[in-house]
Amino acid sequence: MTTSSTDPGSMDAQTSGNGAKPGPMLAADGTPLKRSLNRALRRQKLRALMLIAPLLIFVLITFIAPIADMLFRSVRNEIVQETLPMTVEALKSWDEETTELPDEKVFEAAYYDMFLAAEQKLHTRLGTRLNYELTGISSLFRKTGRAVDRFDTDKYVDDFAALDPSWKDPATWAAMFANEDIAKALPQTAHLWQRWTDFLQTKNEDPAKEDVEPFLFTSLYSELMAGADVSGLSPRLEQAAGAVKTFTPVSIEQQFIDADKDWGNHEVWATIKTYSPAYTPGYFLNAVDAQLTADGVSARPENEQIYGILFKRTIFMSITITLSCIMLGYPVAWLLANLPMRTANILMILVLLPFWTSLLVRTSAWKVMLQQQGVINDVLVWLGIISDSGRLIMINNQFGTIVAMTHILLPFMILPLYSVMQTIPPTYLRAAKSLGATNWVAFWRVYFPQSVPGIGAGSILVFILAIGYYITPEIVGGTTGTFISNRIAYHISSSLNWGLAAALGSILLAAVLILYYAYDRIVGIDNVKLG
Amino acid sequence: MKLTKALLAATAVAIAGTAYAASHSDMANEMTLVSWGGAYQNSQQKAYVEPYLAEHPDVSVTWDESSAEAVAKLRAMNEAGNITWDLVDVVASDAIRLCDEGLAMEVDFDEVLAPGDDGSTPTDDFGEMLVSDCYIPQIVYSTTVGYRTDMVGDTPPTDICAIFDTETYPGKRSLEKRPINNMEWALLCDGVPKAEIYDVLETEEGQQRALDKLATIKDDVIWWSSGADTPQLLADGEVVMGSTYNGRLFSVIEEQDQPVAMLWDAQVFDLDGWIIPTGLPEDRLARVLDFVKFATDTQRLADQAKYISYGPARKSSAPLVGKHAELGIEMGPHMPTDPANAKNTFIYNYEFWADYRDDIDAKFQAWLAQ
Amino acid sequence: MGLPPYATTGQRIWYYAFRVICGLIFFFLIAPIVVVMPLSFNAEDFFTFTPEMLRLDPAGYSLKHYRDFFQTSDWQAAMWNSLKIAPMATLLSVGFGTLAAIGLSSEHVPFRRAIMAILISPMIVPLIISAAGMYFFYSRIGLQGTYLGVVLAHAALGIPFVIITVTATLVGFDRSLTRAAANMGADPVTTFFRVQMPLILPGVISGGLFAFITSFDEVVVVLFVGSAGQKTLPWQMFIGLREQISPTILAVATMLVAISIVLLTVVELLRRRSERLRGMSPG
């Protein structure tokens, strides 16, 4: 405890006290009141936070963390760097603006990366990833993965072995790179040897027993040709360094192009280079019908633009659904609010019953009712309102989605409307009428303005829920009645383009959060009542 | 790190594979089988799961109807290093994807599978059905077209192009909500010779041409996304014809006795079969291998045809295909592979769709949404 | 709001027209349920009113879909799973949620808006995003495909309902009651259980019911987070719709509607009780 002279509260009191020095106001236990109050307030705050903390932590872990993790996928792109590290490095010095293909160095790097990736079966994953950006890369990688261990580079193995048969012995290699000087003189080969042995060890295989693969010889050849200084390190190496100039070189570029002619396609390389950073805006651009190419950002071809349409449609349909909910919900809420409590509560069960019936069942029920041979058409034909051949088309289009979703979301409109209307005293209406207002004027000028908060609450609730729906539109929406969420679901479970799904999801979530913020500002989240 | 884990798991599999040959004793007693649900899963249950359980009363089987999301789920399980499935039923294109990504275990067919009843090796017996090193096919099914007999007048359709003939066959038709199969049929009916279809479909113009052909009936199409849709639509008289799997049509026609008939023209063959996820612990792998050997032998595959009209993937099973278990009708003529039915067929082009799926699908969906 | 005796003809017409309109809207609300009930007695395996059914021919009706539900191990397992998952999830959301709501209702909570937004978020984040996020994240921490994983996911989804309903009850809560209790020497725990709890109980129960129904009717998240061992009723229904159309799901729905009616009646009775206790307008 500090003395009262250093307490800011009492300092205040002293300085403002005109020198008369009245003592600070004290609480019952003798501490200054201000401090005592502050302490009580702090304790109260602490107590409140302690009560909230368990749930907050619970929600953060079980809900917020997963969502954040999911949305983060929309920019992550490490797969290119991780699968083709050397290629990405080598491509940095290649100018994709020129029409020329990358040089032999890049092809060599790609060969090493590809060989190791194919051994680990990672190349096809990368192929799938890059196929989102350029059609055909998927099979290009698959084919090359199969071809890469049959490249003509095994010629180097024979060449080296002709100089000294011990080159073929993996123990030679293990011993060679155990020597730090050699590893320093031949950094690339040493690095590849390291990756190779790491890989073998994860497979529980002994590097000293496995064949030395041609790609290691290729790297050795290439480094020795580049003039790596190995003098005095090992007689075997010195002999090889002297002899490599007599080897006939193998063009790795040619090997790649023989495996698949697409490697000669400038666009393939440009795509790899464009998507080599660990984070990419590519998915987000894709989500707004644009694409990232080597030439920068451009719009997708018109016949592939879909997300713009879907976002617009999702918003348009959500607004329509919200409006329908207001139209249908308002009279019902008014009736409920103006009936005696007991009757209202019984009618309330009719509102809540569908609310608590399985969503799947309600959606299928709408299917049964709305289809051309369905209940509504049957009744209309039976009544003679329409002819048998003129049955109405009410499902697998926007109309079907709007009807089914209005039905599903209507209780979310009625409940907040009802709770607001309950608080409007009926005497206001009577007063207006007794002052000479007609029914309509009394309603429109007196009652309606007071019910607007309820409309606001219900509308935003309905809109937020509608915008994220996907099962109902999937079942009754056909092609024109589906939402952006259907596409997200498709990318998550069928096309496996999780990055794009995350980008679409982020945009959708941003829209919802803006609405939530508006809702909280206008209505306050505390004012929602359910049942 | 993740890679290391995956590789370690792969190693465990390799070791387990050899260990299996040595001892039969250490087998898990619980298996989670993943399949499609519905009549197909029922045929698997009847034809090989129940007989297997009768022989091994201490084993229990849980079904997970997640085949439709199998690739996504296996990928996530693999990321997490926690494989909860033992044996997964998938279509061939998914199996190829899973195998490519190292999510499915490569299988030495001659070692793991039982030889055919006629003494042929599994490799010969399955023959060209072995489209991937990881994939053990069970059945051949086809996507084809069924129609309401009471809605087509006196001239029932005889070929696939009836789909596009709204003059003769007015009314709605149902097609699958994806480009695969529909694009091929559209080009075929637009006069492209069968052999050239994929060459045409590789080009922008070819894709547009297929979409233009589909556009002629766009207003008359109900697009389905689950196998149960077309049978329901046909039963309701909601569509005059629609594409679906031949087994579904068999069920509507023969079991439910609805006024429906089917076409075999231009049916598209596809396979359905098992994959074993990589990374199973030794005891579970041993159990799965034991089960798979039993479940894909000649007799079991032939038995499956008693419950559903899909053709066994083994050649040696064909002569053993008998009568339907409940209806007592000969199943042979209902097999998509029956020579009378297989006069004009397509085979799902896995290679082509692996490459063009993303691209054509984007165009197809954009076209649908417009 | 009866019709006054001096009402004009126009007012009379409007009065009755309005009631008819409301009646139609109520009908719209329960129409799907009305349609589902007879179809669940369909003798055929499709969602179609057969001519026999329309003629009220007994041959068109059967209880086979109900039998199917009670005799199929899949449906039984699904029902038990639902009954194992929903109460646990409800318990978690109600336990944590009630405490937090009480904390939130005190006047001096820092960052109240932000905290509220986080706690409400499971309701406003589109389900498909939640499902996918939980799926990836839970896979990584080993919760995907486990009972605990599904319970936690469903508890998270139920929390906003508990928070909203309990906070709403606390708005009408008279704080002098707890002070009085404290004054008379009750410690905080006693005060909570003997004074506060009985009064906010209806809000807690109503929130709990919402949480329960959320879990009981939830299909998207469980489809992702769960595995075969946690197949719930809605999941089984979803498979039923996707792979083989069978009116069994309609039979299930009919039974669930019956249960819902019981639950709703309970809520209504509780509400009347609470209003009596709080001395508010009698029913």
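These numbers were taken from a predicted model, which means no experiment stands behind them. (Residues numbered from 1 in each chain as written. Chains lettered and ligands numbered in written order. Predicted model: local features only at pLDDT ≥ 70, side-chain atom pairs only at ≥ 80, totals over all residues. Heavy atoms only, no water.)

Q: Explanation requested: the overall build of chain C in the structure shown.
A: Counting secondary structure elements, chain C contains 12 helices and 0 strands. What you see in chain C, going N to C, is helices and strands ordered as α-α-α-α-α-α-α-α-α-α-α-α. Dimensions of chain C along its principal axes, counting C-alpha atoms only, are 70 × 70 × 30 Å. Considering chain C as a whole, with its 283 residues, one finds that 58% of them fall into the buried category. Of the contacts formed within chain C by residues at least 6 apart in sequence, a portion of 67% connects residues at least 24 apart. Total accessible area computed for chain C in this model is approximately 11800 Å², and 70% of it derives from carbon and sulfur atoms. For chain C, the separation between the mean place of its 19 positive charges and that of its 14 negative charges on side chains is 11 Å. (Helix = DSSP H or I, 4+ residues; strand = E, 2+ residues; numbered from the N terminus. Buried < 20%, exposed > 50% of the residue type's maximum accessible area, 1.4 Å probe, protein only. Contact = heavy atoms within 4.5 Å. Areas by Shrake-Rupley, 256 points an atom, 1.4 Å probe, with all protein chains shown as cover. Lys, Arg positive; Asp, Glu negative; His and termini not counted. Charge placed at Lys NZ, Arg CZ, Asp CG, Glu CD.)

Q: Just checking my understanding: could you explain helix α14 (residues 350-369) of chain B for this structure?
A: Side chains of residues three or four places apart in an α-helix project in the same direction, reflecting 3.6 residues per turn. Along α14(B), the largest kink reaches about 60 degrees and is centred on Tyr356(B). The buried count for α14(B) comes to 18 of 20 residues, which makes it a mostly enclosed element. (Bend = angle between axes of the 7 residues up to and from the residue.)

Q: When you look at the pattern of salt bridges in this model, what are you seeing that I'm missing?
A: Think of it this way: side chains of opposite charge can pair up when their charged atoms draw near. Summed over the entire model, instances satisfying the criterion amount to 35 salt bridges over all chains. For Glu65(B), the salt bridge is made with Lys231(C), and the minimal N-O distance between the two is 2.9 Å. One end of the pair, Glu65(B), is in the loop between β2 (60-64) and α3 (70-80); the other, Lys231(C), is in the loop between α10 (220-225) and α11 (233-243), on a second chain. Accessibility assignment for this pair places Glu65(B) and Lys231(C) in one class, buried. Residues joined by salt bridges that share partners form a network here, namely Arg300(A), Glu304(A), Glu204(B), Asp359(B) and Lys363(B). (Salt bridge = Lys/Arg side-chain N within 4 Å of Asp/Glu carboxyl O.)

Q: I tried to follow the interface of chain B and chain A on my own but got confused; where do I start?
A: Frequently, the measure chosen for interface size is the accessible area removed from exposure when the parts meet. Each partner contributes residues to the interface: chain B has 47 residues there, and chain A has 44 residues. Buried area between chain B and chain A, summed over both chains or domains, comes out near 4000 Å², and the portion from carbon and sulfur atoms is 46%. Across the pair Asp361(B) and Arg487(A) runs a salt bridge, and its minimum N-O distance is 3.3 Å. At the boundary of chain B and chain A, one finds 19 residue pairs in polar contact (both at pLDDT 80 or more). Secondary structure elements with two or more residues in the side of chain B that touches chain A: α1 (2-22), α3, α4 (92-100), α9 (204-215), β6 (221-224), α10 (229-236) and α14 of chain B. By residue number, the principal contributor to the side of chain B that touches chain A is α14(B), which donates 14 residues. Across the side of chain B that touches chain A, the residue classes break down as 18 nonpolar, 9 polar and 20 charged. (Buried area = accessible area lost by both parts, 1.4 Å probe. Polar contact = N/O pair within 3.5 Å; in protein donor to acceptor, adjacent residues only side chain to side chain. Nonpolar A, V, L, I, M, F, W, Y, C, P; charged D, E, K, R; others polar.)

Q: Looking at this structure, how should I read the interface of chain C and chain A?
A: Residue-level contacts link 90 residues of chain C with 88 residues of chain A. Of the roughly 8400 Å² buried between chain C and chain A, counting both surfaces, carbon and sulfur atoms make up 81%. Two residues, Asp69(A) and Arg140(C), come together in a salt bridge whose shortest N-O distance is 3.2 Å. For the side of chain C that touches chain A, the residue count by class is 69 nonpolar, 12 polar and 9 charged.

Q: Explain unusual backbone geometry to me, please; I cannot follow it from the model alone.
A: Excluding glycine, residues mostly have negative phi values, and the peptide bonds linking residues are mostly trans. Of note, Asn204(A) is a non-glycine position whose phi angle comes to about 60 degrees, a positive value. Structurally, the position occupied by Asn204(A) is in the loop between α11 (187-202) and α12 (214-225). Positive phi values are uncommon outside glycine, yet Asp257(B) reaches one of about 60 degrees. Along the chain, Asp257(B) turns up in the loop between α11 (246-255) and β8 (260-262). Overall, the relative accessible area of 64% leaves Asp257(B) in the exposed class.

Q: Looking at this model, I keep getting lost on the environment of Tyr516(A). Mind explaining?
A: Residues and elements named next belong to chain A. Its location among the elements puts Tyr516 in helix α26 (residues 498-522). Since its relative accessible area comes to 5%, Tyr516 is described here as buried. For the pair formed by Tyr516 and Gly329, sequence separation is 187 residues and the distance between their alpha carbons is 21 Å.

Read these as geometric descriptors, not functional statements.
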